[in-house]
Amino acid sequence: MFRELAALTRREFLKLARNPQAIFTSLMLPLLYLLLFGNGFSFNVAQFVNHALPPPEQQQQLSFLLDQYFRGAPNYYSYFAAGMVGFVTVTATLFIGANVIFDKLFGVFKRTRGTPAPSAAVFGSRLIAGSAQPILLAFFVMGLALAFAHVSGLHGLSVTLPVGPVGALQIVAAIVLLSVMFATVFLTFGVLIDVPQTYFAAVNLINLPVLLTSDALYPWGTMPAWLQNVSSYNPVSLAVNVLREVMFGSGAYPYGPGVYLLGLFAWAAVLVGIAILLVRRALRPLE
Amino acid sequence: MPTNVAIEVEGLKKIYNGKITAVDDISFQVRHGETFGFLGPNGAGKTTTVSMLTAGLRPTHGKAIVDGLDVSHDPEEVKRRIGVIFQESTADGDLTGRENLEVAAGCFGIPGSEGRSRAKLLIDQMQLSDAADRPAKTYSGGMRRRLELAVGLINRPRILFLDEPTLGLDPQGRAGFWSFIRKLREDDGLTVFVTTHYLDEADEMCDRIAIIDHGKIVATGTPTELKDRLGGDAVNLRIQDGAPDLTGLLSGQPGVLSVQKQDGTYRVKCQKGETFVPRAVAACTEAGAAVLGVTVKRPSLDEVFLEYTGREFREEEGPTATDRAVMLQRVQGQLRGRR
Ligand SMILES: Nc1ncnc2c1ncn2[C@@H]1O[C@H](COP(=O)(O)OP(=O)(O)OP(=O)(O)O)[C@@H](O)[C@H]1O
Ligand SMILES: [Mg+2]
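Residues numbered from 1 in each chain as written. Chains lettered and ligands numbered in written order. Predicted model: local features only at pLDDT ≥ 70, side-chain atom pairs only at ≥ 80, totals over all residues. Heavy atoms only, no water.

Residue and element names in this part refer to chain B. Sheet architecture is open: four strands sit in the order β2-β1-β4-β5, paired in antiparallel fashion. Two strands in the sheet have a free side with no partner beyond their single neighbour: β2 (20–31) and β5 (69–70). Relative to β5, strand β4 (residues 61–66) runs antiparallel, the two sharing two bridges. Across the sheet, I65 pairs through a bridge with D70, a residue of β5. Of the strands in this sheet, β1 (5–16), β2 and β4 touch helix α1 (residues 46–53), which is tilted by about 120° from β1. (Pairing = 2+ DSSP bridges. Helix = DSSP H or I, 4+ residues; strand = E, 2+ residues; numbered from the N terminus. Contact = heavy atoms within 4.5 Å. Axes fitted to C-alpha atoms, helices over the stretch in contact; angles between N-to-C directions.)

The structure is reproduced here in structure tokens:
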């Protein structure tokens, strides 16, 4: 099992390395979002502060508004940058299943299936490579947003709390869980579906509603109550909550990051469980 | 089951989606060390049979035993012991030939160092050394086929399945491919199950042949047996005008099966045309009829094939594996061109 998994995982990474354009394109999209969307859509809550009040009360009011609108982030960009990390994690998993379909079309999958390599190795290798991409991309986005804060004329991510080792681990865990979860879902689609068009239709059916019902991009305070409710159970929101709490503080959150991580874990466990059932059936040694 | 049987098929049947009967109750045996040809027109059910024998497709009915294992019960162990060359190309174009081989070795659980040395050996054997570290998408058709063969041999199988292995190769490529197979047969006693549309190849390479049509086996035998069943050699004797009738004289010669006269030419069907001709010429000359010309035609496997599978052109319901392979090659070519 281990040798098969190692060989097939090596193949996935070799394929990645042979397609540098694909890596370049996958970096361009978040870069554009961070530059254009994040800097174009500025939403300044300081304008709502009553400047007739004495300065300490002004400060109190601002902090209240920041909690209300940005869940404790110091400005919209910082709020948005944390959301972008969740956003790119999901979008980076979209193509993973398509690779399975193209491998089926080009006969490569048939070769693998013609060997005794167990289906767990076939799926696992793709899951490893398929999760590594979004994980790396998530850290790329975070690094970029942090760097932008030091470029004059650009908005960037400002972290207002010291992030200790526990906080850092919580952030990593959230990103890993989110990546593995969506990579599993889209890989399963790739295994079950044979036609690229059908695959992309199915993926959009999941991807768009999930992203649009999360609080990754909208300012929390501008979301209607029903959307805030739905968003609380959304896995992207759960992951982003962890990031925001660790970086900006827990004031605006009913629960600590550990609870959201648990929620993410529950999502991941259910989805991976369903995937294992479906994939084991689809990749039986004999069709 | 006698131990010298490599493949035993009994009442094997495949019905796709409950309605398309692709393979219809076939039975045959292949002995160890034998090269067995499986011939048939497009859509006859060859690839479907290969898929069942290589544990890729579950038979609807019947039994297939490969190297002593039932493919339905032990698919993984069957896959471990056999080598397959699929009708379509299966190499990963982004990976080099060497990497393709190493990944395949890993899929059989072969340790890394052993996999690398097997890959190297096969690369040398298949004369791919110069191209071994180039992406497989840059390979020519012949190199691709040799890479496919190398991948199929990575687990040192005792039984090799080849589904139209020389499709699209030029005559040199085909000859080269078969010389590899011949060597493997001689060196390792490899059993080969091969489907092909090139009947001259089958004639030359196969110890025994089965012809399949509409999912049923319509003839089995050695190439010679099959050809002899068509009624031996066809000899045409052109005789000078005004000669006496020779029908009786020719019919009386040993080994003659039939004689037909058409204008000044006698069409004789006989066994062993090469010994019949000198005797016939001598007899005719003695009878005062000058022989102006002689042609001898051995029946080819093409004729056997057409005899058993009919001459009408096949209209297929859906694309067959050949169509898909050709389409795929076109798409791959386009992708390669764009990069
Ligand atoms: N997956 C499938 N689903 C439904 N029908 C199929 C499938 N694969 C093959 N068939 C049908 O089964 C029949 C046998 O096909 P098969 O590919 O075995 O023929 P073949 O002898 O290999 O043909 P070729 O010489 O063109 O490769 C054909 O009528 C084909 O259309
Ligand atoms: Mg075929």
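Bringing the interface of chain B and chain A into the picture now. Taken residue by residue, the interface counts 37 residues in chain B and 25 residues in chain A. Between chain B and chain A, a total of about 2900 Å² is buried, with carbon and sulfur atoms accounting for 57% of that surface. Considering only the surface of chain B that becomes buried against chain A, K79(B), D94(B) and C107(B) emerge as the three largest contributors, covering 20% of it. Counting every contact that joins chain B to chain A gives seven salt bridges. We note a salt bridge from R11(A) to D92(B), for which the minimum N-O separation is 2.6 Å. (Buried area = accessible area lost by both parts, 1.4 Å probe. Salt bridge = Lys/Arg side-chain N within 4 Å of Asp/Glu carboxyl O.)

The next thing to look at is the domain arrangement of chain B. We note that the domain assignment places domain 1 (5–227 + 310–338) and domain 2 (231–298) within chain B. Taking the mean C-alpha position of each, domain 1 of chain B and domain 2 of chain B sit 44 Å from one another. (Domains from an automatic or database assignment.)

Now for the coordination of the magnesium ion (ligand 2). Coordination of the magnesium ion (ligand 2) by the protein comes from T47(B) (OG1) and Q87(B) (OE1), over a distance range of 1.8 to 2.2 Å. Residue T47(B) is located in helix α1, and its partner Q87(B) is located in the loop between β6 (82–85) and α3 (97–107); the two are separated by 40 residues in the primary sequence. (Donors = N, O, S within 2.8 Å, 3.2 Å for Na, K, Ca; no water.)

In this structure, T48(B) sits in helix α1. Counting along the chain gives 25 residues from T48(B) to V23(B), while the straight-line C-alpha distance between them is 7.0 Å.

Moving on, we get to the pattern of salt bridges. It is possible for side chains bearing opposite charge to pair when their charged atoms get close. If you walk through the whole model with that rule in mind, you get 34 salt bridges over all chains. Linking R10(A) and E102(B) is a salt bridge whose minimum nitrogen-to-oxygen distance equals 3.0 Å. Linking R10(A) in helix α1 (residues 2–18) with E102(B) in helix α3, this pair reaches from one chain into another. What makes R10(A) partly exposed here is its relative accessible area of 36%. Here K104(A) ties to D194(A) by a salt bridge, and the two come within 2.9 Å at their closest N and O atoms. Residue K104(A) is found in helix α5 (residues 96–105), and its partner D194(A) is found in the loop between α8 (165–192) and α9 (196–212); the two are separated by 90 residues along the sequence. Sharing partners across several salt bridges, the network here consists of R11(A), E12(A), K15(A), D103(A), R126(A), D92(B), D94(B) and K137(B). (Buried < 20%, exposed > 50% of the residue type's maximum accessible area, 1.4 Å probe, protein only.)

Another point: the packing of aromatic side chains. Summed over all chains, the structure comprises 22 aromatic pairs over all chains. With 5.1 Å between their ring centres and 55° between their planes, Y33(A) and F87(A) make a pair best called tilted. A residue pair is termed long-range when its members are at least 10 positions apart, and Y33(A) in helix α2 (residues 20–40) and F87(A) in helix α4 (residues 76–91) qualify at 54 residues. Aromatic side chains F95(A) and F200(A) sit 5.8 Å apart centroid to centroid with 65° between the ring planes, which places their arrangement in the edge-to-face category. Of this pair, F95(A) sits in the loop between α4 and α5 while F200(A) sits in helix α9, placing them 105 residues apart in sequence. According to the relative accessible area criterion, F95(A) is exposed, its value standing at 54%. Linked through ring pairs, Y33(A), F37(A), F70(A), Y76(A), Y77(A), Y79(A), F80(A) and F87(A) together constitute an aromatic cluster. Between the NZ or CZ atom of R71(A) and the centre of the ring of W220(A), over which it lies, the distance is 3.6 Å. Over the face of the ring belonging to Y198(B) we find R174(B), whose NZ or CZ atom lies 3.8 Å from the ring centre. (Phe/Tyr/Trp six-rings, centres within 6.5 Å; stacked < 30°, edge-to-face > 60°. Lys NZ or Arg CZ within 6 Å of the ring centre and 35° of its normal.)

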